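Read off the chains here:
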Amino acid sequence: MQYRVDQKTGNKLSILGFGCMRFPKNLGATDMQKTEMLIKKAINEGINYFDTAYIYGGSEEALGQVLLKNNLREKVYIATKLPLMICRSVADFDKYFNIELERLKTDYIDYYLMHMITDVKLWEKLCSWGIEDWIKEKKKSGKIKQIGFSFHGKRDDFLELLDAYDWEFCQIQYNYSDENYQAGVTGLKKAAEKGIPVIIMEPLLGGKLATGLPPSAVALFKQANSELSPAAWALRWLWNQPEVTLLLSGMNDSKQLEENIRIANDATPNMLTEQENETYRKVISAFSASYKVHCTGCNYCMSCPHGVNIPACFAAYNTYYSISKGAGIQQYVMSTGGMSDFQSYASHCKKCGKCEKHCPQNIEIIKSLEAVSKKMEPIWYKPAMSIARKVMRNNKKLPKK
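Residues numbered from 1 in each chain as written. Predicted model: local features only at pLDDT ≥ 70, side-chain atom pairs only at ≥ 80, totals over all residues. Heavy atoms only, no water.

## Observations regarding the pairing of strand β11 (residues 198–201)
Moving on, step 1. Here β11 shows no split at all, with Val198 and Ile200 on one side and Ile199 and Met201 on the other all buried.
Moving on, step 2. Bridge count between strand β10 (residues 169–173) and β11: four bridges; the pairing is parallel. By the bridge assignment for β11, glutamine 171 is matched with isoleucine 199.
Moving on, step 3. As a crossover connection, the stretch from β10 through helix α7 (residues 184–193) into β11 is right-handed.
Moving on, step 4. Looking at chain direction, β11 and strand β12 (residues 246–249) are connected through two bridges and run parallel. From the neighbouring strand, isoleucine 200 faces β12, where its bridge partner is leucine 247. (Buried < 20%, exposed > 50% of the residue type's maximum accessible area, 1.4 Å probe, protein only. Helix = DSSP H or I, 4+ residues; strand = E, 2+ residues; numbered from the N terminus. Pairing = 2+ DSSP bridges. Right-handed = clockwise from strand over helix to strand, strands pointing away.)

## Focus: helix α14 (residues 325–335)
For an α-helix the count is 3.6 residues per turn, leaving residues at separations of three or four pointing the same way.
Moving on, step 1. Listed in full, the buried residues belonging to α14 are Ala327, Gly328, Gln331, Tyr332, Val333 and Ser335.
Moving on, step 2. Residues of α14 that are buried make contact with α8 (208–211), α13 (310–322), α16 (365–376) and α17 (381–392).
Moving on, step 3. Phi turns positive, to about 75 degrees, at glycine 337, one or two residues after α14. (Contact = heavy atoms within 4.5 Å.)

## Things to note about the packing of helix α10 (residues 230–239) against helix α12 (residues 274–289)
Moving on, step 1. Between α10 and α12, the shortest axis-to-axis distance is 12 Å and the interhelical angle comes to 115 degrees. Considering only the axes of α10 and α12, their crossing is left-handed. Between α10 and α12, the residues in contact are Trp233, Arg236 and Trp237 and Glu276, Thr279 and Tyr280, respectively.
Moving on, step 2. Classifying every residue of the contact of α10 with α12 gives three nonpolar, one polar and two charged. (Axes fitted to C-alpha atoms, helices over the stretch in contact; angles between N-to-C directions. Left-handed = near helix turned anticlockwise from the far one by under 90°. Nonpolar A, V, L, I, M, F, W, Y, C, P; charged D, E, K, R; others polar.)

## Things to note about the packing of aromatic side chains
Geometry of an aromatic ring pair is reported as the spacing of the ring centres plus the angle between the planes.
Moving on, step 1. As enumerated under the stated definition, the model contains 30 aromatic pairs in all.
Moving on, step 2. On the basis of an interplanar angle of 55 degrees and a centroid distance of 5.5 Å, the ring pair of tyrosine 49 and tyrosine 111 is categorised as tilted. Of this pair, tyrosine 49 sits in strand β6 (residues 49–51) while tyrosine 111 is found in strand β8 (residues 109–117), placing the two residues 62 residues apart along the sequence.
Moving on, step 3. Of the residues examined, tyrosine 111 reaches a relative accessible area of 1% and is grouped as buried.
Moving on, step 4. Between the aromatic rings of tyrosine 111 and phenylalanine 169, the centroid separation amounts to 5.0 Å while the plane-to-plane angle is 85 degrees, which identifies the pairing as edge-to-face. Note that tyrosine 111 is positioned in strand β8 and phenylalanine 169 in strand β10, a separation of 58 residues in sequence. An identical accessibility class is assigned to tyrosine 111 and phenylalanine 169; each is buried.
Moving on, step 5. Through a chain of ring-to-ring contacts, the aromatic side chains of Trp123, Phe149, Phe151, Phe158, Tyr165 and Trp167 assemble into a single cluster. (Phe/Tyr/Trp six-rings, centres within 6.5 Å; stacked < 30°, edge-to-face > 60°.)

Structure below.
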């Protein structure tokens, strides 16, 4: 197994991390026998970073049970997350954190994340709760070793967030099909410049880059190297970048685990040849052939005075057509703040035209946003998102000072 160093601590982290959201299931419950086998095999092969969360049903409990039963706690770094979306009061910070410690059968968390930070405004609200003092107390007591955040929002907000607090790591969605999505390559590089470890989630876009590629893209990969699977191509693209500390993969069977370990064992920074990089460009072009809006994600159109996340709207819209409807809708919800207090929907466009003046691709942005709104925001969408937000947050607002 290859390792990369967390510059903040000196910890050597396996470049392949185990994403625990998709443990094997049996009749809707975690299959503990298969899960234990996978976790033990992963650790034996050198994987030492395990990522879970409060809201991953049964995940924390399963991981905690396996580590305790096999006396493996000290061999791994546990990452889990404070479920901000269901916190109703300041007291809930301790409430949920203590439940997590109980589930994980441990008295400390190695890498603790603020789960699903979407923008600077949300962080500022959390600061009004006293989140900084809470973090300080937990770190002083040794219950939290490293503090970070997982991000789902606009690139500019990510860049601001990096400077808003003395973060010790961060987690972003990033893959070769989403190089300019959310934090994107710009955010990755800035975090690395600041010495902040970057954890990658969705390296395979929920499996779409492994099994859901357009046939033309699969053919291009096979033509370049028939021995590499589409999943291998996706993972190697990430590990080629020295700014990536590690990536998370939700491996739920031995075959996936073994393949990913084999790829990881051969992965080094800057390993890709120019021919391989050209293959990625051709594959991305194959994606683009089915795109509805030929947006490159350059962000010259931003920021929108009315809060529209223009590149994210177009990226989700293109995913809807090029990969799948489900992937597109999910991406739209996450990248336009569907579950946050600050939405940046395509329908917020006021047709001021500021964006079109700066677009180097000469995209008819106003017209395209109308198409996005029509497709991605059907009549039920906003009411459904409103209900979902209320359910997730128990219909409570953040407390005032």
